[in-house]
Amino acid sequence: MTHVPSNQNGMTLTASQLDAYLARIGVDQPISLDLSSLSKLHRAHLMSFTWEALDAFMGWPSSVTPAAAFAKMVEGRRGGWCYEMNGLFGAALDALGFRVARLCGGVDREKLGDIAIGNHLTLRVDLDRPYLAEVGVADAIIEPVPLAVGPIRQRGFDFSISPTQDGWLRFNNHTHGIARSFDFRADHGDEAAMAATHRWLTQDPGSPFTNALAVLRHTADGYVALQNDRLRSVTPGGIREQRITSADHLADTLETVFDLDIPGHEHVWDKIQAVGRDKAA
């Protein structure tokens with residue numbers, strides 16, 4: 001299998017950055033590069049960082065580079081979306097010595113077609129066999145899985161990897177997952193496609209992320225997701241939902257539920273309200 005190193009275009013971390021990253025997720029540098037170490041890092045990353053697309057929603061500057069993700073997520077108290085979550089994780093794995101490849105995927109390609117290719121970054125890590133490392137979907141797997149067709153069950157949630165008719169692989173999220181699926185190929189990396197799609201997702205009025213706030217985080221037994229003013233807590237046993245009712249309520253939720261320090265939360269709330277008015281109209 002072709003190895004596409006994650007440090008193409010400088011996509012790795014320096015020694016000092018790696019130390020800071022490991023401190024941020026509360027994990028010591030692994031002694032051995034094996035599945036146990038990879039799984040520990042994968043879980044710690046997801047329990048430490050929130051998936052969030054506030055930059056796209058608010059029109060704030062954003063980048064696909066791990067260097068930018070490091071500054072935002074490790075040095076600042078922010079999260080990131082797939083390009084940043086998987087980008088930072090892949091860069092850290094690369095710096096640790098794992099054989100990791102950045103793969104160009106497509107969320108909802110089953111509905112959108114090939115135009116979706118580039119709207120997702122996922123990772124392949126080669127150990128005794130190839131593994132899918134995926135910290136960028138936010139409400140999916142919490143530990144890496146063999147990159148192979150078949151069912152997956154973690155923490156009471158059911159996932160699967162299935163083949164598509166045109167030779168891709170499809171990761172199917174659990175029943176309540178916000179991103180229902182993404183397609184990828186084990187040897188397909190396309191940095192140009194991801195950079196171009198990133199620009200569209202962050203800047204185009206037709207992007208789903210410029211028109212809706214999305215914030216998600218793993219919890220001890222499931223996931224919590226904020227979509228505009230709707231907060232959902234998802235476990236294998238069901239879903240609880242509540243509404244965010246004010247700017248202060250939003251600020252408290254971002255702080256206490258998602259561990260995010262977001263300046264100008266009043267402006268975020270104003271846009272959520274504007275989006276709600278536009279939909280009602």
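Preceding block: the structure.
I will try to describe carefully the structure that is included in this document. Just so we're clear, the structure is a prediction, and the values are computed from it rather than from any experiment.

## Overview of the sheet that holds strand 1 (residues 51-52)
Part 1: Strand order across the open sheet formed by five strands is 1-10-11-12-13, with antiparallel pairing between neighbours. Of all the strands in the sheet, the pair left with one neighbour each is strand 1 and strand 13 (238-243).
Part 2: Summarising the sheet, strand 10 (residues 214-218) and strand 11 (residues 223-227) pair through five bridges and their orientation is antiparallel. Bridged to Ala214 within strand 11 is Gln227.

## Side note on helix 7 (residues 191-203)
Part 1: Given a rise of 1.5 Å per residue, 13 residues ought to cover 18 Å, and the 18 Å separating the end C-alpha atoms of helix 7 matches this to within 8%.
Part 2: Regarding helix 7, the residues found buried are Glu191, Ala193, Met194, Thr197, His198, Leu201 and Thr202. Each buried residue of helix 7 lies within a common arc of 150° when the element is viewed along its axis, so the set occupies one face. The exposed residues of helix 7 that point more than 90 degrees off its buried face are Ala192 and Gln203.
Part 3: Here the buried face of helix 7 lies against helix 3 (54-58), helix 5 (82-96), strand 2 (99-107) and strand 3 (120-126).
Part 4: For helix 7, the N-terminal capping position is held by Asp190, with its side-chain oxygen 3.3 Å away from the main-chain nitrogen of Ala192.

## Notes on the environment of Ile272
Part 1: In this structure, Ile272 sits in helix 9 (residues 265-280).
Part 2: The residues contacting Ile272, other than those within four sequence positions of it, are Phe57, Leu213, Asn228, Asp229 and Leu250.

## Regarding the sheet that holds strand 5 (residues 145-146)
Part 1: An order of 5-4-3-2-9-8-7-6 is seen for the eight strands of this open sheet, with the pairing classed as antiparallel. Edge strands, defined here as strands with exactly one partner in the open sheet, are strand 5 and strand 6 (150-154).
Part 2: Pairing of strand 7 (residues 157-163) with strand 8 (residues 169-172) involves four bridges; the strand directions are antiparallel. Within strand 8, the residue paired with Ser162 across the bridge is Arg170.
Part 3: Contacting strand 2, strand 3 and strand 4 (130-133), helix 5 runs over the sheet at an angle of about 25° to strand 3.

## Structural notes on unusual backbone geometry
Part 1: The phi dihedral of Asp108 is positive, around 60°, even though this residue is not glycine.
Part 2: Structurally, Asp108 is set in the loop between strand 2 and helix 6 (109-112).
Part 3: Overall, the relative accessible area of 18% leaves Asp108 in the buried class.
Part 4: Residues other than glycine seldom take positive phi values, yet Asn228 does so here, at roughly 55°.
Part 5: Mapped onto the secondary structure, Asn228 falls in the loop between strand 11 and strand 12 (230-235).

Cut-offs applied
Residues numbered from 1 in each chain as written. Predicted model: local features only at pLDDT ≥ 70, side-chain atom pairs only at ≥ 80, totals over all residues. Heavy atoms only, no water. Pairing = 2+ DSSP bridges. Helix = DSSP H or I, 4+ residues; strand = E, 2+ residues; numbered from the N terminus. Expected span 1.5 Å × (residues − 1). Buried < 20%, exposed > 50% of the residue type's maximum accessible area, 1.4 Å probe, protein only. Arc of directions from axis to C-beta. Contact = heavy atoms within 4.5 Å. Polar contact = N/O pair within 3.5 Å; in protein donor to acceptor, adjacent residues only side chain to side chain. Axes fitted to C-alpha atoms, helices over the stretch in contact; angles between N-to-C directions.

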